[in-house]
Amino acid sequence: MNEFLLIFRRDFTTKEIQPSPEEMQQHFQQWQNWFGSLAAQDKLARPLQRWDGQGKIVTNNKNVTNGPYVEIKESIGGMIIVKAKDYDEAAEIAQNCPILNLGGNVEIRMAVNS
Amino acid sequence: MMEKELIPNLFRTEYQKIVSVLSNLFGIHHIEIAEDIVSDTFLAAAETWAIKGIPDNPTAWLYTVAKNKTKNYFKRNDVFEKKIVTEIKYNTPLNNPETEIDLSEQNIADSQLAMIFTVCNPCNSNEAQIALALNLLCGFGINEISDAFLSNKEIIYKRINRAKEKLKEENIKIQHPNSAEINDRIETVLKTIYLLYSEGYYSTSQNTTLRKDLCAEAMRLTYLLIQNESTNLPATNALMALMCFHSSRFEARTSENGEIILYQDQDELLWNHELIDKGTYFLSKSSTGNTLSKYHLEAGIAYWHTQKKDSPEKWQHILELYNNLIILEYSPIVALNRTFALSKVNGKKEAIIEAEKLNLTDNHFYYSLLGNLYTDVDNKKAHQHFETALGLAKTTAEKNIISKNILQLSFF
């Protein structure tokens, strides 16, 4: 069994595409059920961690700016570490991730144990 | 009250109080001396009261005799000088312990709290902690404890003695825990008390009175923690709420001949509404601070189960609570219950997909759940799953329930 980092990204800035409060409520329930489902399969490799939405950016000239947004519109919404056999299984897990319903995406990285 | 009942009742309530106070005085290394003195006191009560009649205040009588016996022990034994005196100096601020054996309500409560933290020390296994708790904190004899564990006396006797030896080896102090220690260890203490409760609630022992006693004792210990300001924490109240909600269904969950009656088939009139109200009270007391313990979540689930009527709201809440619970700590039974709640919210088809991912193939509850979910969706598959469950089930009570499910399938 390997461990995979799943990073959730979506566009949090473009006003027109942000979900309504009702949609957000429903979206939140989808996340909860998805996490519940993963936990029920004993696939969570670490306890869940919530991340602050603001963040800071350090650019290559060592400037520190507010907000997680650089040139691209997408930013990280969160990340989890799951247990999976291989990339195929990790991708299968990610295919049910609610971020996809809001036009986001999931980046997957396998943990390397030297 | 008849004398015949009086002494056993006093034994149940007072034995552990006096043992706690004296153990506090003597320290863990001489805990047997404390137990001997208290046993002697009860023996004296039985003999004296049979001849002279019951005193006006039997409890006060016991305390006085226990005090005198302790003082006499101090006088007679030079062991005291050599060994215990250092312990006493450690445990009590008083310089003259010979005259101060404090059996006031406050000192009893403080001593019991110190004893709870000693008994629930994680240096002993959970099983050993529970046996020791029953013995030292609840005044249960070896006979009752072996009955409760469905085990033989010899094993229980050894288990308790080994647990005591372990506390001595590790030099565990009997002392009032400070707030840092309480924070560190309250989780272990609550876990032991909850296991003690579950032992009573889920035990397959036929002795209903004994099982109720175990539950009542677990609740008494929790109440003791609630009465003490330093341990009156949100999690403690949540555990109390959980036990109240569970206990409210005690009468309804088994039939007269000891068969388990499932939640949906229970007679609501047999639910104890006084306990449900108490549970609601403690649940509201538990909702302070910002820690959400697993007892909060389990109490929340138990609360929604006291609402017999099905509603989308009810099952949505239960599912959310199960989601949080399984994220907090994985357990197969929670995974199965969560999937059942999911079927109530999002329907059987989705729940079947989720259930089949759980892969708990050595668990008969897993196949019972699948059987349940497939009922009315694909009765042939439902039948197969129930048959597998039947093959894996261990107790007659479990087998009976599964057989009933199979029988119901063939009717429709």
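Residues numbered from 1 in each chain as written. Chains lettered and ligands numbered in written order. Predicted model: local features only at pLDDT ≥ 70, side-chain atom pairs only at ≥ 80, totals over all residues.

Caption draft 1: Just the overall build of chain B, in detail. For chain B, the count of helices and strands is 19 helices and zero strands. The principal-axis extent of the C-alpha atoms belonging to chain B is close to 80 × 45 × 40 Å. For chain B, with 412 residues in total, the buried portion stands at 37%. (Helix = DSSP H or I, 4+ residues; strand = E, 2+ residues; numbered from the N terminus. Buried ≥ 20, exposed ≤ 12 C-beta atoms within 10 Å, placed from the backbone.)

Caption draft 2: Focus on the overall build of chain A. Secondary structure summary: chain A contains two helices and five strands in total. In chain A, the succession of helices and strands from N to C terminus is β-α-β-β-β-α-β. Seen through its principal axes, chain A has C-alpha atoms that stretch 40 × 40 × 20 Å. A separation of at least 24 residues holds for 73% of the contacts in chain A among residues at least 6 apart in sequence. (Contact = placed C-beta atoms within 7 Å.)

Caption draft 3: Broad picture of the sheet that holds strand 4 (residues 74-84) of chain A. Residues and elements named next belong to chain A. Here three strands make up an open sheet; going across it, the order is 4-1-5 and the pairing antiparallel. The open sheet terminates on both sides in strands that have one partner only, identified here as strand 4 and strand 5 (105-110). With strand direction ignored, the average angle separating the axes of adjacent strands in the sheet is 20 degrees. Docked against the sheet, helix 2 (residues 87-94) engages strand 1 (2-11), strand 4 and strand 5, running at close to 155 degrees with respect to strand 5. (Pairing = 2+ DSSP bridges. Axes fitted to C-alpha atoms, helices over the stretch in contact; angles between N-to-C directions.)

Caption draft 4: Local environment of the packing of helix 1 (residues 21-40) of chain A against helix 14 (residues 312-328) of chain B. It is the contact of helix 1 of chain A with helix 14 of chain B, at a shortest axis distance of 8 Å, that shows an interaxial angle of 45 degrees. Overall, the two elements helix 1 of chain A and helix 14 of chain B adopt an arrangement that is oblique. The way helix 1 of chain A lies across helix 14 of chain B gives a crossing that is left-handed. Across the interface between the two elements, Gln32(A), Asn33(A), Phe35(A), Gly36(A), Ala39(A) and Ala40(A) from helix 1 of chain A touch Glu320(B), Tyr322(B), Asn323(B), Ile326(B) and Ile327(B) from helix 14 of chain B. Tallied by class, residues from the contact of helix 1 of chain A with helix 14 of chain B come to six nonpolar, four polar and one charged. (Parallel < 35°, antiparallel > 145°, perpendicular 65-115°, else oblique. Left-handed = near helix turned anticlockwise from the far one by under 90°. Nonpolar A, V, L, I, M, F, W, Y, C, P; charged D, E, K, R; others polar.)

Caption draft 5: Focus on the interface of chain A and chain B. Across the contact, 10 residues belong to chain A and 12 residues belong to chain B. Counted by class, the side of chain A that touches chain B contains four nonpolar, five polar and one charged residues.

Caption draft 6: Inspection of unusual backbone geometry at higher detail. Residue and element names in this part refer to chain A. Phi at aspartate 42 is positive, roughly 55 degrees, even though this residue is not glycine. With respect to the helices, strands and loops of the structure, aspartate 42 is situated in the loop between helix 1 and strand 2 (56-58). Owing to 16 C-beta atoms within 10 Å, aspartate 42 belongs among the partly exposed residues under this scheme. The backbone of lysine 62 sits at a positive phi, close to 70 degrees, despite the residue not being glycine.

Caption draft 7: Region of the structure containing helix 1 of chain A. With 20 residues, helix 1 of chain A extends 28 Å between its outermost C-alpha atoms, agreeing within 8% with the 28 Å of an ideal straight helix rising 1.5 Å per residue. Every buried residue of helix 1 of chain A is listed here: Asn33(A), Gly36(A), Ser37(A), Leu38(A), Ala39(A) and Ala40(A). Tucked inside the fold, the buried residues of helix 1 of chain A contact strand 4 and helix 2 of chain A together with helix 14, helix 15 (332-346) and helix 16 (348-358) of chain B. Asp42(A), located one to two residues past helix 1 of chain A, shows a positive phi value of around 55 degrees. (Expected span 1.5 Å × (residues − 1).)

Caption draft 8: Just helix 9 (residues 179-202) of chain B, in detail. Residues and elements named next belong to chain B. Between its first and last C-alpha atoms helix 9 spans 33 Å; for 24 residues at 1.5 Å apiece the expected length is 34 Å, and the two agree. Considering bend angle alone, the principal kink of helix 9 is centred on arginine 185 and spans about 50 degrees. Among all positions of helix 9, only Ile186, Val189, Leu190, Thr192, Ile193, Leu196, Tyr197, Glu199 and Gly200 are buried. Tucked into the core, helix 9 has its buried residues touching helix 5 (105-119), helix 6 (126-137), helix 7 (142-148), helix 10 (208-227), helix 11 (234-247) and helix 13 (294-305). (Bend = angle between axes of the 7 residues up to and from the residue.)

Caption draft 9: Expanded view of the packing of helix 9 of chain B against helix 11 of chain B. Residue and element names in this part refer to chain B. The contact between helix 9 and helix 11 brings their axes to 11 Å, and the two run at 5 degrees. Comparing their axes, helix 11 and helix 9 come out roughly parallel. On the side of helix 9, the interface is formed by Ile186, Leu190, Ile193, Tyr194, Tyr197 and Tyr201, while helix 11 contributes Ala235, Thr236, Leu239, Met243 and His246.

Caption draft 10: Examining the environment of Arg162(B) more closely. Residue and element names in this part refer to chain B. If you trace the backbone, arginine 162 turns up in helix 8 (residues 153-169). With 15 C-beta atoms packed within 10 Å, arginine 162 lands in the partly exposed category. Measuring from C-alpha to C-alpha, the distance between arginine 162 and glycine 141 comes to 16 Å, with 21 residues separating the pair along the chain.

Caption draft 11: Layout of the environment of Tyr322(B). Topologically, Tyr322(B) is positioned in helix 14. The exposure class of Tyr322(B) is buried, given the 26 C-beta atoms found within 10 Å. Those residues in contact with Tyr322(B), other than ones at most four positions away along the chain, are Gly36(A), Ile301(B), Val334(B), Asn337(B), Arg338(B) and Ala341(B).

Caption draft 12: Just the confidence of the model for chain A, in detail. Looking at chain A, the pLDDT average stands at 90 and 96% of residues meet or exceed 70. Mean pLDDT values for the elements of chain A range from 82 in strand 3 (residues 64-66) of chain A up to 96 in helix 2 of chain A. (pLDDT = per-residue confidence, 0-100.)

Caption draft 13: Structural detail: the confidence of the model for chain B. All names here are of chain B. Taken over all residues, the pLDDT of chain B has a mean of 88, while the share at 70 or more is 93%. Within chain B, helix 11 carries the highest mean pLDDT (97), whereas helix 4 (residues 78-91) carries the lowest (58). The ipTM assigned to the predicted complex is 0.84, against a pTM of 0.85.

Caption draft 14: Inspection of the environment of Pro122(B) at higher detail. Within the secondary structure, Pro122(B) sits in the loop between helix 5 and helix 6. The spacing of Pro122(B) and Glu329(B) is 207 residues in sequence and 19 Å in space, taken between C-alpha atoms.

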